[in-house]
Amino acid sequence: MAELPGLRDECEEGASGAPTLVSACLADNRLNLDVYPDGCCRFLQLFERHRGHLAQVEFIRLSSNDHLLGATLGILPRLESLKSLVLKGGHARDEFGSCQPGSLTSLPPDFGNLRCLTHLDLSFNRLSTLPSCISHLPSLRVLLVSHNSLVALPEDFGSLSKLTFFSAMKNQLKDLPQSIGELVALQDLDLSENALEYLPNEVGNLHNCAELDLSGNQLSSIPDSLANLKSLRRLLLHSNLLVTVPASLASLPNLSRLDLQNNCLRAVPPEIQTLPFVHLRGNPLGETEPSPQADESSARRLQRLFLASEEDSFTVTSEGCKVLLACGIHFYFPPGAASDPLRIHFRTLAPDPQWVKLRHHDILLSMVLELRPHGVEFQQEVEIWMPYASPQTLHQREVVVRTFNGQSWSDLRTKVEQKRKSKKLVACCSVLHFSWFLVVSRLVENECKVPAEGTLLFSSVDPNIKVIFPPGATEETRSVKLQVLPVSAEEIEEVTADAGCRASPLLCLSQDCPVDFLRPVRIQLPLPLGVTGLNLDRSRLHLLHGDLQGQTWDDITGQVVLEFTHLYAMFEVTHFSWYWLWYTTKTYIGGIAKKVYERLRMYQVDPVLKKLQDRYRGPEPSDMVEMFEGEQFFAAFERGISIDMDRPDCVDGRLSFIFYSHLKNMKEIYVTSPVDRKGQAVKGQVSFYRGAVPESIPEDASRRRKGPDSLWLATLPIKLPKLKSRWSENPGPLNGFSFPPLNLGNAETGFLTQANLLSIARRVGANWQTIGLNLGLTYQQIERIRYNNREDLDKQILDMLFSWAQKNSEDPDCVDKLITAMKESGRQDIADEIETIIELGRQKYRESIRRVGLEQESSTEDSAIAMV
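Starting from 1, residues in each chain are numbered consecutively following that chain's sequence as written. Whole-chain, interface and lining totals are the exception, using all residues; otherwise, since this is a predicted model, local features are given only for residues with pLDDT of at least 70 and side-chain atom pairs are given and counted only at 80 or more. For side-chain calculations, the full set of non-hydrogen atoms in the structure is used, while hydrogens and water are omitted.

Some points on the sheet that holds strand β37 (residues 568-573)
- In this analysis, strands are considered paired if DSSP registers two or more bridges between them. A helix here means a DSSP run of H or I that spans at least four residues, while a strand means a run of E at least two residues long, and both kinds are numbered starting from the N terminus. On the basis of which strands lie adjacent, the open sheet formed by five strands has the order β28-β29-β33-β37-β36 and antiparallel pairing. If you trace the sheet from one side to the other, it starts and ends with β28 (455-458) and β36 (563-564), each paired once.
- Where β28 and strand β29 (residues 466-469) come together, four bridges link them in antiparallel fashion. Note on β29: the bridge partner recorded for L457 is V467.

Focus: the nonpolar core
- Throughout this description, the term nonpolar core refers to a set of buried Ala, Val, Leu, Ile, Met, Phe, Trp, Tyr and Cys residues connected via side-chain atoms within 4.5 Å. For the exposure calls, accessible area comes from a 1.4 Å probe over protein chains only, and a residue counts as buried if that area is under 20% of its type's maximum, exposed if over 50%, partly exposed in between. F43, I60, L76, L87, L143, F166 and L260 are the most contacted members of the largest nonpolar core, which has 75 residues in total.
- If one sorts the elements of this core by residue count, helix α3 (residues 39-54) sits on top with five residues.
- When checking whether two residues touch, look at their non-hydrogen atoms; a contact exists if any pair is within 4.5 Å. With residues near it in sequence (within four places) discarded, L143 still touches L120, I134, F157, L160, L163, F165, F166 and S167.
- The next biggest cluster of nonpolar side chains, apart from the first, holds 37 residues, and it includes L144, A761, M800 and I837.

Overview of the packing of aromatic side chains
- Ring pairs are drawn from Phe, Tyr and Trp, using the six-membered ring of Trp, whenever the two centres fall within 6.5 Å, and their geometry is named by plane angle: stacked under 30 degrees, edge-to-face over 60, tilted for the rest. Summed over the entire model, instances satisfying the criterion amount to 19 aromatic pairs.
- An aromatic cluster is built from F314, F331, F333, F346, F378 and F434, whose rings are joined through pairwise contacts.
- Sitting over the face of the ring of F634, R654 holds its NZ or CZ atom 4.4 Å from the ring centroid. In this scheme, the term charge over a ring applies when either NZ of a lysine or CZ of an arginine sits within 6 Å of the ring centre and within 35 degrees of the ring normal.

Quick word on the pattern of salt bridges
- The rule for a salt bridge is simple: a side-chain nitrogen of Lys or Arg has to be within 4 Å of a carboxyl oxygen of Asp or Glu. A complete count under the given rule lists 17 salt bridges for this structure.
- With its nearest N and O atoms 2.9 Å apart, the salt bridge here joins R442 to E398. Residue R442 is found in strand β26 (residues 436-443), and its partner E398 is found in strand β22 (residues 397-404); the two are separated by 44 residues along the sequence.
- The exposure class assigned to E398 is partly exposed, which follows from its relative accessible area of 21%.
- E835 serves as the salt-bridge partner of K823, at 3.3 Å between the closest nitrogen and oxygen.

Remarks on the pairing of strand β17 (residues 330-333)
- The pairing of strand β16 (residues 321-324) with β17 spans four bridges and is classified as antiparallel. By the bridge assignment, K322 is partnered in β17 with Y332.
- In sequence, β16 turns back onto β17 through a hairpin of five residues, with G328 there showing a positive phi of about 100°.
- Sheet topology places β17 next to strand β21 (residues 382-387); three bridges connect them, and they run antiparallel. Counted as the bridge partner of Y332 is E383 from β21.

Section: a nonpolar patch on the surface
- Only residues whose relative accessible area exceeds 30% and that form no salt bridge enter a patch; like-charged residues are grouped when within 9 Å of one another, and nonpolar side chains (Val, Leu, Ile, Met, Phe, Trp, Tyr) when within 5 Å. Only the protein chains shown count as cover for residues, and the accessible areas themselves come from Shrake-Rupley with a 1.4 Å probe. A cluster of nonpolar side chains, L456, F458 and I468, forms an exposed patch at the surface whose accessible area comes to about 270 Å².
- Considering the arrangement of structural elements, one finds F458 in strand β28.
- Judged by relative accessible area, which is 45%, F458 ranks as partly exposed.

A few points about the pairing of β29
- In β29, alternate side chains face the same way, and those of V467 and F469 are buried while those of K466 and I468 on the opposite face are not.
- Bridge count between β29 and strand β33 (residues 521-526): three bridges; the pairing is antiparallel. Pairing of I468 across the sheet is with R522, part of β33.

Quick word on the sheet that holds β21
- On the basis of which strands lie adjacent, the open sheet formed by six strands has the order β14-β16-β17-β21-β25-β24 and mixed pairing. Edge positions in the open sheet fall to β14 (303-306) and β24 (415-418), since each of these has one partner strand only. On average, each strand axis in the sheet is inclined to that of its neighbour by 20°, with strand direction left out of account.
- Judged from the four bridges that link them, β14 and β16 form a sheet pairing that is parallel. Counterpart to F306 in the pairing with β16 is L324. Lines fitted to C-alpha atoms define the axes here, with helix axes fitted over just the stretch in contact, and angles between the N-to-C directions of these axes take values from 0 to 180 degrees.

Rendered as structure tokens:
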């Protein structure tokens, strides 16, 4: 369909050679017009000028979001050769980025004249009833009506005797017609995410059915007749209200998966429970029978949605629901939280230190979760449960969920739980609107409201630390927060090299009012460890005041009146910030305190391997590496080892990382070796280097990172083993396939390598068929790929993607077509990744042009391209 952009010009010219051009447009009898905003307009023009050629079309794709869809529907029944028709919505998006359903609500009666039609896709539309004309399509084998508003199927639905695949997932079906048992050829039936309360016994007549998905409904029982489905391989019944299942299901000879998770099963027949492929998690097995009132409540419980890893959105209605993402995050939408159906989109993001600004002594424990649409306010609070990495210690720290409003981060009231079975830690918060969320560990925060009458605030970490607000300290009530950071004697001695140097816990006070207090506030701090009022040498005691960033520490001992008891020191202030009590013989305390404070902000990363003297000749990694949260570092592969560099996180041949102490700094890479390896083992190394010094690093720490080897962290050996003979003699198939070297695109505009395609293939999931159809593969080709690689999803994806890539490798627009196909298939994430890789390729090409002195020529060429 690369010729279609010129269709308008061709139609206007009406030259004698036009039919030849139209024939080229209709190569393989396919017409993909859903990729154009005015696809229906193009179709109508083509029909007006060349209806004879259009009659040859067997495969048509149109967007049901097109405003000219109504006029097009009147013409489609005239295409008697039509075998495959796609009229899907979801091509338009609202202001929040949510996919909009198509405008299709019915089909003309004469659609039944399409006697050759075998494949019909009406997904993502507004159908409330199935058009009656569909029952009159004698050749129909595949029917998709998912993501509509169907409440029932027609009574004569069983007349589609040749139907082999039917998907009505995510509708509002409450029951099924008895005639469904007449679909004797049906092999795959997907009725998931509906409102089915019971199944007719006639379902047991689907003797050729191999896959039956009834998950996400409201079934409390299933008929015994399901035991007649001798061809059944997969039976999905999770997320229903089942209280019992027939034991006869165990006798199905070909059954390889039975999913009964998240139901109300308190007892399961032994024949079912002993099956190796049955899944029962999430059932109250062994619990006592509840009261009738509890039964009624259970029957009315919220719908539960379980989303696969490739899904990125779900719909919330006024009835509420519980949603569990594949990554472990889950949500609770109470009834009435959303007044109208609302599409929620989600994604997890790597924390970028440019906008994820951690406070001092914070520890990041999770990725960033983005929920859209932003700004929509719910009628009731929605609960968000986020799993997080377990910090090294929770003592004297607390875990909170933090949210971003587009300008600043703020902490939410958070409760923490540990799952009984998985032992995973989760943080829960309640919100009225969606934005960005993450989990952090912070210093324990104690807060109070200070009225005009005064009050008392003390630390839950160290109750000996108190702040006393006298009457009249403020005219209007203000909020005050207190945080305490204990400091061990070992940490102080390590920096000061003075065993006699001591310090009290570090106290931080803050308030929500910029005005100082009207009367002095009294603060009580414990004396440093080992110091009492009896042996106190006042000349060695220093009270330090630090700014909020901890960059400057001033000795204010002479500016306040210090009072002492046997265990405590007390003083009065009107301004809040950091306060620290030191006991030392040293004179310049401010500089020492700053160094200790910097050390408290650092994280020591222990080496993952022992000494490398026996295996590696060269500099050894240090026993300890000091890094700051959010600091960048790189991995460089050296001495004959190289990696795939066509990826956005590869900078100047080195792999870029951002250090967060409690997130896994893991990346998957393809390690390659020289072409002349000849099957022999190759030894190389990977070296780790710091990046540029972050702006937030204190001056003293930055000064220590200057000089030779200051950026180098560690070097570890890598050994590629000797190739096995069967690979070296015959580079055979990978997972059953042999992929010849190929590049899509060109160096000037950016290209995708074979390694890029393999990376893309790994991210494609069960919706590979939709992607294949959007790439232009025929339905017959999709079915052949599916059949040839049955029972192996990875092979299906690889076969689809690489067979298309080989066929289109010479097409200069093939990369754009791949990006468009991913967007059309709802995989914006993969489309963004491809665009990033392409842009990186363009940058490298321009840099290479500049290096060889052709910059002027390149600029001229770029201008010419822009003019075209």
